[in-house]
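Chain by chain, the residues run as shown.
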Amino acid sequence: MSQRPTNSTSPSRYPNDRFVPRPEDHFTFGLWTVGNPGRDPFGLAVREVMSSVKIVRELAKLGAYGVNLHDEDLIPFGSSTAERDKIVRDFKGALAETGMKVPMATTNLFSQPVFREGAFTSNDAAVRALALQKTMRSIDLGVELGASIYVFWGGREGLETNACKDPRDAVKRFREAINFLCEYSRDSGYDLKFALEAKPNEPRGDIFLPTTGHMLAFIYTLEHPEMVGVNPEVAHEQMSGLDFSHAVGQAIEAGKLFHIDLNGQKPGRYDQDLRFASEDQKGAFFLVKLLEDSRWDGMRHFDSHPYRTEDEQGVWDFAYYSMRSYLILKDKVARFHADPEIKQILATLEKRSTTQVAGVGPTFKYDKKSAAALKAHTFDTTAMASVGYEYERLDQLTTEVLLGVR
Ligand code: GLT
Ligand code: MN
Ligand code: MN
């Protein structure tokens, strides 16, 4: 069980218990998340736009570790150099004052009308060149602010009609851009890792490289695959009907989980970006279990939006509860591991998985002699098939841990 002590730094609105977030938990938020004024395709903004300095100060009070940003979250498109420098100076001042960090940065290649047909994959070579220029400048900004991870989410890298583009060209152009930017980063002496974020659709009818699995396969076709990993998002994988922790598990196993976007999503909907663990608590539990069991050392980044119903207090509730839910689930993971009955089922499984058969196993690596022995062995398949796995019980015990009765 987690020995986390209670912490008196909890703002008075929230319980003063062992789920109080702290900087060492490495929780981060995009400026665009808490800063989202609630505009949607059907309605206007419902909240004031908050300054990035204010966001940094408020999140620091709540126990966050840092903020992440797009170039345009901080510096409005088209700002002069003098304006840029002043904004960066003020922002750095807020970071220094609070101790907050900027672990990740990214480029907005989706809001401006010029990117309506795509950025790196556009059919217009001038647009592709502009996208590279904007990204190089934004990489410089990210590095200046201390970022070590650079995210690529190709929001407009898609299409509505396949008549306009051969998907092979789209993949080639995307590869060319990532190769170009890897070289730019190396040539500039930056110690940056790139993290590719997949999404199947929205805002385009279809987006290229639509899942984390597609991204993983793509990475190994790059000139510097060691520099590039993935940034999976809960909602985006669930939009494709996939199990999120399987995508994350494959990425961790390949050493490719460079960043993660935590949020919540109902099945079969548009990208809802709901508060982490507000939906599918079981999926969220298995995700936290995977991250904690594998001692993944990246940032626990929230990419989500407060409900449009909320005023400013609701925004901070949203942020605080995102972190609190992660810590509660982490505690549930500790309970799962400490539960004697769960332990017993897992020990039986472990024994079953590590028993030698016919002089081979439990791991299998080919050599002539053991392959011949295995080929000649007679299995008692009736006996083997007669023993169940106790997964109904295992799942019920897990469910009871989650429901708070174990
Ligand atoms: C945008 C998108 C997110 C991406 C962000 C990074 S921006 O909000 O919906 O999923 O992670 O570009
Ligand atoms: Mn995201
Ligand atoms: Mn999303």
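Refer to the structure printed above.
Residues numbered from 1 in each chain as written. Chains lettered and ligands numbered in written order. Predicted model: local features only at pLDDT ≥ 70, side-chain atom pairs only at ≥ 80, totals over all residues. Heavy atoms only, no water.

S.K.: Even after reading the chapter, I still don't get the coordination of the manganese ion (ligand 2), so can you show me in this structure?
M.R.: Ideal values differ by geometry: the angle at a metal is 109.5 degrees with four tetrahedral donors, but 90 or 180 degrees with six octahedral donors. With distances of 2.0 to 2.2 Å, the protein atoms coordinating the manganese ion (ligand 2) are Glu197 (OE), Glu233 (OE), Asp261 (OD) and Asp303 (OD). Classification of the site at the manganese ion (ligand 2) rests on its six donor atoms, whose angles at the metal span 75 to 165 degrees, yielding the label octahedral. Donor residues binding the manganese ion (ligand 2) come from one chain and are separated in sequence as E-x35-E-x27-D-x41-D. A separation of 4.6 Å is found between the manganese ion (ligand 2) and the manganese ion (ligand 3), which share Glu233 as a coordinating residue. Here Asp261, found in strand E9 (residues 261-262), pairs with Asp303, found in the loop between strand E10 (300-302) and helix H11 (312-338); they are 42 residues apart in sequence, far enough to count as distant. Each member of the pair, Asp261 as well as Asp303, is classed as buried. (Donors = N, O, S within 2.8 Å, 3.2 Å for Na, K, Ca; no water. Tetrahedral: all angles 85-135°; square planar, octahedral: opposite > 155°, others 65-115°. Helix = DSSP H or I, 4+ residues; strand = E, 2+ residues; numbered from the N terminus. Buried < 20%, exposed > 50% of the residue type's maximum accessible area, 1.4 Å probe, protein only.)

S.K.: Even after reading the chapter, I still don't get the pattern of salt bridges, so can you show me in this structure?
M.R.: Side-chain pairing between opposite charges can occur once the charged atoms of the two side chains come close. Under the criterion given, the structure shown has 30 salt bridges. Glu117 serves as the salt-bridge partner of Lys165, at 2.8 Å between the closest nitrogen and oxygen. Residue Lys165 is found in the loop between strand E5 (158-159) and helix H6 (167-187), and its partner Glu117 is found in the loop between strand E3 (104-106) and helix H5 (125-144); the two are separated by 48 residues along the sequence. Taking the shortest distance from any N to any O, the salt bridge between Lys199 and Asp271 comes out at 2.9 Å. Taken as a pair, Lys199 in the loop between strand E6 (193-197) and strand E7 (206-207) and Asp271 in the loop between E9 and helix H10 (281-293) lie far apart in primary sequence, 72 residues in all. A single salt-bridge network, built from bridges that share partners, covers Asp339, Glu341, Glu390, Arg393 and Arg406. (Salt bridge = Lys/Arg side-chain N within 4 Å of Asp/Glu carboxyl O.)

S.K.: How should I be thinking about the coordination of the manganese ion (ligand 3) in this particular structure?
M.R.: Looking at the manganese ion (ligand 3), the protein donor atoms are Glu233 (OE), His236 (NE2), Asp271 (OD), Asp271 (OD) and Asp273 (OD), and they sit 2.0 to 2.6 Å from it. Judged by relative accessible area, Glu233 falls into the buried class, the value being 0%. Classification of His236 as buried rests on a relative accessible area of 2%.

S.K.: Help me understand the side chain of Ser278 in this model?
M.R.: In this structure, Ser278 sits in the loop between E9 and H10. Of note is the side chain of Ser278, whose polar atom sits 2.7 Å from the backbone oxygen of Arg275. (Polar contact = N/O pair within 3.5 Å; in protein donor to acceptor, adjacent residues only side chain to side chain.)

S.K.: In this structure, what is going on with the pairing of strand E1 (residues 27-30)? I would like to understand it.
M.R.: In summary, the side chains of a regular strand alternate between the two faces of the sheet. Side chains Phe27 and Phe29 of E1 all project onto a buried face; the interleaved residues Thr28 and Gly30 project onto the opposite face, where all are buried too. Looking at chain direction, E1 and E10 are connected through three bridges and run parallel. Within E10, the residue paired with Phe29 across the bridge is Phe302. Judged from the three bridges that link them, E1 and strand E2 (residues 66-70) form a sheet pairing that is parallel. Looking across to E2, one finds that Gly30 is bridged to Asn68. (Pairing = 2+ DSSP bridges.)

S.K.: Sorry, what's going on with the packing of aromatic side chains here?
M.R.: The description of two aromatic rings rests on the distance between their centres and on the angle between their planes. Counting across every chain of the model gives 19 aromatic pairs. The interplanar angle of 50 degrees and the centroid separation of 6.0 Å between the aromatic rings of Phe276 and Phe302 together place this pair among those described as tilted. Note that Phe276 is positioned in the loop between E9 and H10 and Phe302 in strand E10, a separation of 26 residues in sequence. Each member of the pair, Phe276 together with Phe302, is buried. Ring centres of Tyr320 and Tyr321 lie 6.3 Å apart, and the angle between their planes is 75 degrees; this geometry places the pair in the edge-to-face category. (Phe/Tyr/Trp six-rings, centres within 6.5 Å; stacked < 30°, edge-to-face > 60°.)

S.K.: Would you take a moment to explain the sheet that holds E1 for this structure?
M.R.: Remark on secondary structure: sheet strands pair via backbone hydrogen bonds, oriented parallel or antiparallel. Pairing is parallel in the open sheet, where eight strands are placed in the order E8-E6-E4-E3-E2-E1-E10-E9. Only two strands of the sheet have a single partner each, and these edge strands are strand E8 (228-230) and E9. Direction of pairing for E6 relative to E8: parallel, over a ladder of three bridges. Looking across to E8, one finds that Phe194 is bridged to Val228. Its contacts with the sheet put H6 on strand E4 (149-153), E6 and E8, and the angle it makes with E6 is roughly 155 degrees. Contacts from helix H7 (residues 212-219) reach E6 and E8 within the one sheet, and its direction differs from that of E8 by about 170 degrees. (Contact = heavy atoms within 4.5 Å. Axes fitted to C-alpha atoms, helices over the stretch in contact; angles between N-to-C directions.)

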